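# Geometric and topological summary
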Amino acid sequence: MNRRCKVLVADDERQVAAGLQGQLEALNYDIVAVVDDGHRAIEVCRRTLPDIVLMDIEMPGLDGLSAAREIANDPGTPVVILTAHGHPNLVDQAVQDGVIQYLLKPVTSPALHAAIQTSLARARDLKSEREKVNELQLTLRDRKLIERAKGILMTRRHLTEPEAFRFLQRQSQDRRMPMAKLAESIVQADEVMESLG
């Protein structure tokens, strides 16, 4: 059985927040907290790590869009704005702040459920894409290090490119060390030698 989705609700209107909580519970969501300002939403989000945050825009202290920006960055929880204000400038600002979905009040239970599910799916996709980009950046970094190390070996040991590569491979295996790590140490050692003149 799938675990229940954890939701944080941030809305300063008690009646609206209570109605939203009732809708979510009827849809079998787990409400981790109901808060009434942006600062508290950030604090509770970092502490409880919900799966998704439903947030109003107009709240005392820190507004919902500013809080959404913080939450989208750290801890990276998807935020759905749930507001009575559909002004295009607010929608544009929400997109810039990393909001994953924008709903206008009042919202029906089916629309709320659909928005949460599509937001969670979109957030998973975005996370997967970020991980792929990070992995590609590391691979590129490793390849650059290996190329630099090969160049150093070709110059210092008068090796051909294939010989330098085979040397790196052998040393990597003998030392039980990833080739990129070995290449990094060769590059660092070369930089030290260069700095000594």
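Everything here concerns the structure above.
Everything in this summary refers to the structure shown in the same document. Since the structure is predicted, the reported quantities are computational estimates derived from the model, not experimental observations. (Residues numbered from 1 in each chain as written. Predicted model: local features only at pLDDT ≥ 70, side-chain atom pairs only at ≥ 80, totals over all residues. Heavy atoms only, no water.)

## Remarks on the pairing of strand β1 (residues 6-10)
What counts here: Using a 1.4 Å probe on the protein chains alone, a residue whose accessible area is under 20% of its type maximum counts as buried, one over 50% counts as exposed, and one in between counts as partly exposed. Put simply, DSSP marks the helices as runs of H or I at least four residues long and the strands as runs of E at least two long, and each gets a number from the N terminus on. For crossovers, right-handed means that the path from the first strand over the helix to the second runs clockwise, given strands pointing away from the viewer. Two strands are said to pair when DSSP picks up at least two bridges between them.
Of all 5 residues making up β1, 4 are buried, and the element is well covered by its neighbours. A crossover connection joins β1 to the parallel strand β2 (residues 30-35) through helix α1 (residues 14-26); in handedness this β-α-β unit is right-handed. Taken together, the 4 bridges between β1 and strand β3 (residues 52-55) define a ladder with parallel strand orientation. Note on β3: the bridge partner recorded for valine 7 is isoleucine 52.

## Looking at the pattern of salt bridges
Defined as follows: Salt bridges are defined by distance alone: a side-chain nitrogen of Lys or Arg within 4 Å of a carboxyl oxygen of Asp or Glu.
One pass over the structure, following the stated rule, counts 15 salt bridges. One salt bridge connects arginine 148 with glutamate 191, and the closest N-O pair in it is separated by 3.0 Å. Of this pair, arginine 148 sits in helix α5 (residues 109-156) while glutamate 191 sits in helix α7 (residues 179-196), and the two are 43 residues apart along the sequence. Taking the relative accessible area as the measure of exposure, arginine 148 reaches 45% and is therefore partly exposed. A relative accessible area of 41% places glutamate 191 in the partly exposed class. Across the pair arginine 156 and glutamate 194 runs a salt bridge, and its minimum N-O distance is 3.1 Å. Here arginine 156, found in helix α5, pairs with glutamate 194, found in helix α7; they are 38 residues apart in sequence, far enough to count as distant. Judged by relative accessible area, which is 51%, glutamate 194 ranks as exposed.

## Some points on a negative patch on the surface
Operational definition: Nonpolar side chains (Val, Leu, Ile, Met, Phe, Trp, Tyr) within 5 Å and like charges within 9 Å form the patches, drawn only from residues with over 30% relative accessible area and no salt bridge. Accessible areas in this description were obtained via Shrake-Rupley with a 1.4 Å probe; residue shielding takes into account the shown protein chains only. None of His or the chain ends enter the tally, which takes Lys and Arg as positive and Asp and Glu as negative. Here the site of a charge means atom NZ of a Lys, CZ of an Arg, CG of an Asp or CD of a Glu.
A surface patch of like charges, here negative, comprises Asp12, Glu13, Asp36 and Glu58. With respect to the secondary-structure elements, glutamate 13 resides in the loop between β1 and α1. Using a relative accessible area of 42% as the deciding quantity, one classes glutamate 13 as partly exposed.

## Notes on the sheet that holds strand β4 (residues 79-83)
Selection criterion: Axis definition: a line fit to C-alpha positions, over the contact stretch in the case of helices; interaxial angles, taken between N-to-C directions, run 0 to 180 degrees.
Read across the open sheet, the 5 strands follow the order β2-β1-β3-β4-β5; overall the sheet is parallel. Each having just a single partner strand, β2 and β5 (101-104) make up the two edges of the open sheet. The sheet shows a mean angle of 20° between the axes of neighbouring strands, taken without regard to direction. Looking at chain direction, β4 and β5 are connected through 4 bridges and run parallel. Bridging from a neighbouring strand, threonine 83 pairs with leucine 104 of β5.

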